[in-house]
Amino acid sequence: QVQLVEDGGGLVQAGGSLRLSCAASGRSVSNKAMAWCRQAPGKEREFVAAISWTGSTTNYVDSVNTRFTISRDNAKNPVYLQMNGLNAEDTAVYYCAAGGIGGRASASREQYYYWGQGTQVTVSS
């Protein structure tokens, strides 16, 4: 099994930045795609960003494209999410996930089968 633990959430003012990280333990996730999803109060969990197992392909939801950057370093923590230009609509619990078919950076949440417990990101306006 794989355990994922997110870190780096917190409270930030609008326009600010945060960097989330996700640490994995148990089985290796180096051959799996990694993703970040988020869930705001009263809303469904939504895809935010994904990166292929090689790190060569990324995928973003339109609302964060150009503001967020996903990256991975399989030697340390498996995935990061650099978030710039944060706004109130980015407030949510952010979840790290591993999986994907063939290690591809899918935008489909259903293709990820290991999930972390989430880290809260709150953006004050």
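Here, every reference points to the structure presented above.
Remember, predicted model here, so these are calculated numbers, not experimental data.

Caption draft 1: Representation of the sheet that holds strand 7 (residues 68-71) in the model. The 4 strands lie next to each other as 1-3-8-7, forming an open sheet whose pairing is antiparallel. Unpaired on one side and paired on the other, strand 1 (2-7) and strand 7 mark the two borders of the sheet. If you compare each strand with its neighbour and ignore which way they point, the axes differ by 15° on average. As paired elements, strand 7 and strand 8 (residues 79-83) share 4 bridges and run antiparallel to each other.

Caption draft 2: Inspection of the nonpolar core at higher detail. Within the largest apolar cluster, 28 residues are counted, with the highest numbers of intra-cluster contacts made by Met 34, Trp 36, Leu 81, Met 83 and Tyr 94. Elements with a minimum of two residues in this core: strand 1, strand 3 (18-26), strand 4 (33-39), strand 5 (46-51), strand 7, strand 8, strand 9 (92-99) and strand 11 (119-124). No other element matches strand 9, which puts 4 residues into this core. Core analysis: the second largest hydrophobic core is formed by 8 residues, Cys 37, Ala 50, Ala 97 and Tyr 112 among them.

Caption draft 3: Layout of the state of the cysteines. Across all of its chains, the model carries 1 disulfide by this definition. Linked covalently through their sulfurs, Cys 22 and Cys 96 form a disulfide whose S-S length is 2.1 Å. Here the disulfide of Cys 22 and Cys 96 is left-handed, its torsion about the S-S bond being about -80°. Of this pair, Cys 22 sits in strand 3 while Cys 96 sits in strand 9, and the two are 74 residues apart along the sequence. With respect to class, Cys 22 is no different from Cys 96; both count as buried.

Caption draft 4: Spotlight on the pattern of salt bridges. Enumeration according to the criterion identifies 3 salt bridges in this entry. One salt bridge in this structure joins Asp 90 and Arg 38, with 2.9 Å as the shortest N-O distance. Here the residue Asp 90 occupies a position in the loop between strand 8 and strand 9, and Arg 38 occupies one in strand 4, the gap between them amounting to 52 residues. Taking the relative accessible area as the measure of exposure, Arg 38 reaches 5% and is therefore buried. Residues Asp 90 and Arg 67 are paired through a salt bridge, measuring 2.8 Å at the closest nitrogen-oxygen approach. Of this pair, Asp 90 sits in the loop between strand 8 and strand 9 while Arg 67 is found in the loop between strand 6 (58-60) and strand 7, placing the two residues 23 residues apart along the sequence.

Caption draft 5: Inspection of the environment of Asn 59 at higher detail. Tracing the chain through its elements places Asn 59 in strand 6. Taking the relative accessible area as the measure of exposure, Asn 59 reaches 26% and is therefore partly exposed. Along the chain, Asn 59 and Ala 49 lie 10 residues apart, while their C-alpha atoms are 5.4 Å from each other. Beyond its immediate sequence surroundings of up to four residues, Asn 59 is in contact with Phe 47, Val 48, Ala 49, Ala 50, Ala 105, Ser 106 and Ala 107. Here Ala 105 takes part through its backbone oxygen, which lies 3.2 Å from a polar atom of the side chain of Asn 59.

Rules and cut-offs
Residues numbered from 1 in each chain as written. Predicted model: local features only at pLDDT ≥ 70, side-chain atom pairs only at ≥ 80, totals over all residues. Heavy atoms only, no water. Pairing = 2+ DSSP bridges. Helix = DSSP H or I, 4+ residues; strand = E, 2+ residues; numbered from the N terminus. Axes fitted to C-alpha atoms, helices over the stretch in contact; angles between N-to-C directions. Core = buried A, V, L, I, M, F, W, Y, C linked by side-chain atoms within 4.5 Å. Buried < 20%, exposed > 50% of the residue type's maximum accessible area, 1.4 Å probe, protein only. Disulfide = S-S within 2.5 Å. Salt bridge = Lys/Arg side-chain N within 4 Å of Asp/Glu carboxyl O. Contact = heavy atoms within 4.5 Å. Polar contact = N/O pair within 3.5 Å; in protein donor to acceptor, adjacent residues only side chain to side chain.

None of this, on its own, says anything about what the molecule does.
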